[in-house]
Amino acid sequence: MGFARTCSVTLVGVEGVVVEVQADLEPGVAAFTLVGLPDKSLTESRDRVRAAVVNSGGEWPQKKLTVGLSPASVPKAGSGFDLAVACAVLGAAERIDPRVLGDIVMIGELGLDGRVRPVRGILPAVLAAADAGYEQVVVPECAAAEASLVPGVSVLGVRSLRQLIAVLTDEPVPEEDAGDRTRPDPLLAGLRAPGTGADTGMHGVGAASHDQGPDFADVVGQLAARTAVEVAAAGGHHLFLEGPPGAGKTMLAERLPSILPPLDRQASLEVTAVHSVAGLLPVDKPLIDTAPYCAPHHSATMQALVGGGGATVRPGAVSLSHRGVLFLDETPEFSGKALDALRQPLESGHVVIARSAGVVRFPARFLMVLAANPCPCGRFSQTNEQCECPPSAIRRYQARLSGPLLDRVDLRVEVDRVTRDELTAVGARGDTTATVADRVRAARDRAAARLAGTPWRTNSEVPGRELRSRWHAAPGAMDGAERSLERGMLTARGLDRVLRVAWTVADLAGHERPGAADVALALQLRTGVPRGVPMAIGAGV
């Protein structure tokens, strides 16, 4: 009788669980039994592993073989167990010393020819192995850079099973053909964008690469909207842009990620882990260090937005935009059910998906930008008489955005139609992306210094009770906002959000604490009602 064991990792959302892979050989009729709640793709590993071992020059044991995945009560999914199963079988057959395998975590899929193929979720899997105390990890060669992001872990990247066998048995390591690396890996083909592979506008850009992307100076006019975007980036506030088609709402949203500061180490690992699980991590960029951007189509379902699926739960757009920007263009065209599903992650910063197999939690702390036309035809405004929509149609269209959802949006700005003079003017345009990004970074540094020692990073995350008790505005500065609360123009949540925005405006203007002008601007940005306050940060102060 032969016995060997090694380890692998199964993922539950973006959290990994170390699984012990045990192989037992007994005399009897040749058979291969896999136990431990495997899913369909893992059950099929029996045929993949057998073919890979034979095509790698090994001898398949003609005995009764039982492979157990422990703990048996945890569902296992995916093809990443192939490498561990193959090595455990070879250890039980004494082709590999079983004592060598016990403290190694192996992650990878095997091709029928013995090649080791990449799988999703390498980073969270290696993080789970490191947390469990393992110091040696074997991964596919093309995923070694991603696995090496985890400190304190020795990573071995292998191209084939025969290479791994040679390393474990101290034999000469054979050379393997690298193949055509200019072609996309078949396992990841069609998965470079959220969901089914359709391009939904998800990409990573940030302040570190603002000189390569669209520039803020390209936006003509729109002083109020540009100010709102800058405040949103500095404080992490959600933004609602309303205006006619062609006014520049999408242009502003696309330039928002470029003025966000680069992600710190912890945020980078969080974002990279989510994209790794989703299969969206570029092979040539194992660590995402810039704010992601996700713009799903308005036909997206609730599962596409918040995550879901069958046996294997996938992260949705809210998680793919974690620490970045989620842009919902033509927001009223989204289903009401999908939009209302955003309420919980907007407040908590994570999304919880319950399924019969268990509960999965994905991070979802994003900056949401909503864009909408004022009416079905898009021409309704206080000064434009070209709108042909009846008042009842306008009310129905605007009512598609529920009050509870809009109450969670800090900034509301009307984007006016660009005039001919603004579009054809010759001379200086607005500030460039680099200039705006520098102001945003300075404002965030002021907020970080003030919030040092707390669990919050930006002004939008600070609870209202903390703002009222620990960080006060200037005396009398909140009088106007409090009167709006008494008149029913603000909710209690809205008053807290006005104070948060006021702190961000003060940080951008370099003030020690919000004054009356900062609060007035914040109130105007919050309600969308003109109050005669200059929209330029610091103007009139």
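Small disclaimer: the values here were computed from a predicted structure and weren't measured.

Conventions adopted
All residue numbers refer to positions counted from 1 along the written sequence of the respective chain. Note on the predicted model: pLDDT of at least 70 is required for a residue's local features to be given, and 80 or more for side-chain atom pairs to be given and counted; whole-chain, interface and lining totals, by contrast, use all residues. Side-chain descriptors were evaluated using all non-hydrogen atoms of the structure, hydrogens and water having been removed beforehand. Here a strand is any run of E in DSSP of at least two residues, a helix any run of H or I of at least four, and the numbering for each starts at the N terminus. Accessibility here uses a 1.4 Å probe with only protein chains present; expressed as a share of the type maximum, an area under 20% marks a residue as buried, one over 50% as exposed, and anything in between as partly exposed. Contact criterion: two residues are considered in contact whenever any of their non-hydrogen atoms come within 4.5 Å of each other. Areas reported here follow the Shrake-Rupley algorithm with a probe of radius 1.4 Å; residue values treat only the protein chains shown as occluding. Asp and Glu count as negative and Lys and Arg as positive, but His and the ends of the chain are not part of the count. Where a charge lies is defined by one atom per residue type: Lys uses NZ, Arg uses CZ, Asp uses CG and Glu uses CD. By the convention used here, strands pair only if DSSP detects at least 2 bridges between them. For salt bridges, the criterion is a side-chain nitrogen of Lys or Arg within 4 Å of an Asp or Glu carboxyl oxygen. The predictor attaches a confidence to each residue, called pLDDT, with possible values from 0 through 100. Pairing of aromatic side chains here covers Phe, Tyr and the six-membered ring of Trp, requires ring centres within 6.5 Å, and sorts the geometry by plane angle: under 30 degrees stacked, over 60 edge-to-face, intermediate tilted. Take the buried residues of types Ala, Val, Leu, Ile, Met, Phe, Trp, Tyr and Cys, join any two whose side-chain atoms come within 4.5 Å, and each joined set is a nonpolar core. Cysteine sulfur atoms are paired as a disulfide whenever they come within 2.5 Å of each other. Helix axes are fitted to C-alpha atoms over the stretch in contact, other axes to C-alpha atoms as well, and angles between N-to-C directions run from 0 to 180 degrees. The scheme is simple: roughly parallel for angles under 35 degrees, roughly antiparallel for over 145, roughly perpendicular for 65 to 115, oblique for anything else.

Observations concerning the overall build of the chain
Item 1. Broken down by element type, the chain carries 22 helices and 17 strands.
Item 2. Seen through its C-alpha atoms, the chain measures out along the principal axes to roughly 85 × 50 × 45 Å.
Item 3. A total of 541 residues make up the chain; the buried ones form 51% of that total.
Item 4. For the chain, the proportion of contacts with a sequence separation of at least 24, taken over those separated by at least 6, is 72%.
Item 5. In the form shown here, the chain has an accessible surface area of approximately 23,800 Å², with 50% of it arising from carbon and sulfur atoms.
Item 6. Within the chain, the 61 negative side-chain charges are centred at a point lying 5 Å from the centre of the 56 positive side-chain charges.

Considering the pairing of strand 2 (residues 15-26)
Item 1. Pairing analysis gives eleven bridges linking strand 1 (residues 2-12) to strand 2, with the strands arranged antiparallel. Residue pairing across strands places Ala-4 opposite Ala-23, the latter belonging to strand 2.
Item 2. Between strand 1 and strand 2, which pair antiparallel one after the other, the connecting turn spans two residues, and Gly-13 there sits at a positive phi close to 70 degrees.
Item 3. As defined by bridge partners, strand 2 adjoins strand 4 (residues 64-70) across seven bridges and the pair is classed as antiparallel. Each bridged residue has a counterpart across the sheet, and for Glu-20 the counterpart in strand 4 is Ser-70.

Section: the pattern of salt bridges
Item 1. Enumeration over the complete set of coordinates arrives at 25 salt bridges.
Item 2. In this structure, Glu-20 engages Arg-5 in a salt bridge whose closest nitrogen and oxygen atoms are separated by 3.1 Å. Here Arg-5 lies in strand 1 and Glu-20 lies in strand 2, a separation of 15 residues in the sequence.
Item 3. For Arg-5, a relative accessible area of 32% puts it in the partly exposed group.
Item 4. In this structure, Arg-343 engages Asp-340 in a salt bridge whose closest nitrogen and oxygen atoms are separated by 3.2 Å.

Section: helix 5 (residues 122-131)
Item 1. Extensive coverage of helix 5 is indicated by the burial of seven of its ten residues.
Item 2. Turning to helix 5, its buried residues number three or more, namely Ile-122, Leu-123, Pro-124, Ala-125, Val-126, Ala-128 and Ala-129.
Item 3. Contacts from the buried residues of helix 5 go to strand 1, strand 2, strand 5 (104-106), strand 8 (136-140), helix 6 (144-147) and helix 10 (265-278).
Item 4. Just downstream of helix 5, Gly-133 is the residue with a positive phi angle, here 100 degrees.

Some words on the confidence of the model for the chain
Item 1. Of all residues in the chain, 90% have pLDDT values of 70 or greater, and the mean over the chain is 86.
Item 2. No element of the chain has a lower mean pLDDT than strand 10 (residues 203-204), which averages 45, and none a higher one than strand 5, which averages 97.
Item 3. Ignoring residues within four places in sequence, the model shows residues 187-211, a span with pLDDT below 50, making 60 contacts including any to other chains.

Topic: the side chain of Glu-230
Item 1. Mapped onto the fold, Glu-230 is located in helix 8 (residues 223-235).
Item 2. Accessibility expressed as a relative area gives 7% for Glu-230, which makes it buried.
Item 3. Those residues in contact with Glu-230 that sit more than four places away from it in its chain are Ile-259, Val-436, Arg-439, Val-440 and Leu-508.

Some details on the packing of aromatic side chains
By convention here, two paired aromatic rings are described through the distance between centres and the angle between planes.
Item 1. Enumeration over the complete set of coordinates arrives at one aromatic pair.
Item 2. Ring centres 5.6 Å apart and planes at 40 degrees place the aromatic pair Phe-32 and Trp-60 in the tilted group. One end of the pair, Phe-32, is in strand 3 (residues 31-35); the other, Trp-60, is in the loop between helix 2 (45-55) and strand 4, with 28 residues separating them in the sequence.
Item 3. The class of Phe-32 is buried, set by a relative accessible area of 10%.

Section: the nonpolar core
Item 1. Core analysis: the largest hydrophobic core is formed by 57 residues, its most contacted members being Leu-239, Leu-241, Leu-256, Ile-259, Val-369, Ala-481 and Leu-525.
Item 2. With eight residues, the top contributor of residues to this core is helix 21 (residues 492-509).
Item 3. By size, the runner-up hydrophobic cluster in this structure holds 37 residues, among which are Val-19, Val-21, Val-89 and Ala-92.

Let's talk about the state of the cysteines
Item 1. Counted under the stated rule, the structure contains zero disulfides.
Item 2. Of the cysteine sulfurs around Cys-377, a residue in no disulfide, the closest is that of Cys-375, at 3.4 Å.

Topic: the packing of helix 5 against helix 10
Item 1. Two numbers describe how helix 5 lies on helix 10: the axes approach to 7 Å, and their chain directions differ by 120 degrees. Comparing the axis directions of helix 5 and helix 10 gives the class oblique. On helix 10, the residues that touch Ile-122, Leu-123 and Pro-124 of helix 5 are Leu-269, Thr-272, Ala-273, Ser-276 and Val-277.

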